[in-house]
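Summary of structural features
So you can see what is in the structure, the chains are spelled out below.
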Amino acid sequence: MDSRPGLSRLRRLCLFLLAANLAYCALTTFWGRAPAWGMFSRMEDLEFRLEDASGAPVDLRAWVASVYYFADRSVLLDTADCACARSSAPRPWRLAVPALGMDRTLCPR
């Protein structure tokens, strides 16, 4: 038996916090959207066009999770480059981001 009552209260608090954290993790795992993701709903998503060599549009969102945001130019470029390398669509691909004045060719032959 512990003779220090403060330690016992601290242990109960830690166990409560651990249980609350585990419940939160389980809820977000099975529910699919954590409440903390609400902060990302206020981010502006970059508008872009991605086309393969034949001019057909490429759906880059099919390569990432549904809650993924392209808010940064470098992340958008890296994701498009990775998708291009793994895709069987004709190459090279063309990525255009009008808001940034960017027009890039990806996966050159």
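Now for a quick tour of the structure. Every value quoted in this text rests on a predicted model; they were computed, and no experiment measured them.

Mapped onto the secondary structure, Asp52 falls in the loop between β1 (49-51) and α2 (73-86). A distance of 2.8 Å separates polar atoms of two side chains, one belonging to Asp52 and the other to Ser54. Once you skip the residues sitting within four places of it in the chain, Asp52 turns out to touch Val58, Ala89, Pro90, Pro92 and Trp93.

Let us look at the side chain of Ser87. Mapped onto the fold, Ser87 is located in the loop between α2 and β2 (93-97). Since its relative accessible area comes to 18%, Ser87 is described here as buried. Of note is the side chain of Ser87, whose polar atom sits 3.0 Å from the backbone nitrogen of Ala89. Non-local contacts of Ser87, meaning those with residues more than four positions away in its chain, are made with Trp63 and Trp93.

Counting residues in each nonpolar core, the largest one holds 17 residues, and the members touching the most others are Phe48, Leu50, Leu60, Leu76, Trp93, Leu95 and Leu106. Elements with a minimum of two residues in this core: α2, β2 and β3 (102-106). Looking at this core element by element, the count peaks at five residues for α2. Filtering out sequence-adjacent residues up to four positions away, Leu50 remains in contact with Ala56, Pro57, Val58, Leu60, Ala80, Trp93, Arg94, Leu95 and Leu106.

Moving on, we get to the state of the cysteines. One pass over the full model with this rule turns up one disulfide. One disulfide bridge connects Cys84 with Cys107, the sulfur atoms lying 2.2 Å from each other. In this pair, Cys84 sits in helix α2 while Cys107 sits in the segment after β3, placing the two residues 23 residues apart along the sequence. The residues Cys84 and Cys107 share a single accessibility class, namely buried. Between Cys82, a cysteine without a disulfide, and Cys107, which holds the nearest cysteine sulfur, the sulfur-to-sulfur distance is 9.2 Å. A relative accessible area of 38% means that Cys82 is categorised as partly exposed.

Parameters at a glance
Residues numbered from 1 in each chain as written. Predicted model: local features only at pLDDT ≥ 70, side-chain atom pairs only at ≥ 80, totals over all residues. Heavy atoms only, no water. Helix = DSSP H or I, 4+ residues; strand = E, 2+ residues; numbered from the N terminus. Polar contact = N/O pair within 3.5 Å; in protein donor to acceptor, adjacent residues only side chain to side chain. Contact = heavy atoms within 4.5 Å. Buried < 20%, exposed > 50% of the residue type's maximum accessible area, 1.4 Å probe, protein only. Core = buried A, V, L, I, M, F, W, Y, C linked by side-chain atoms within 4.5 Å. Disulfide = S-S within 2.5 Å.

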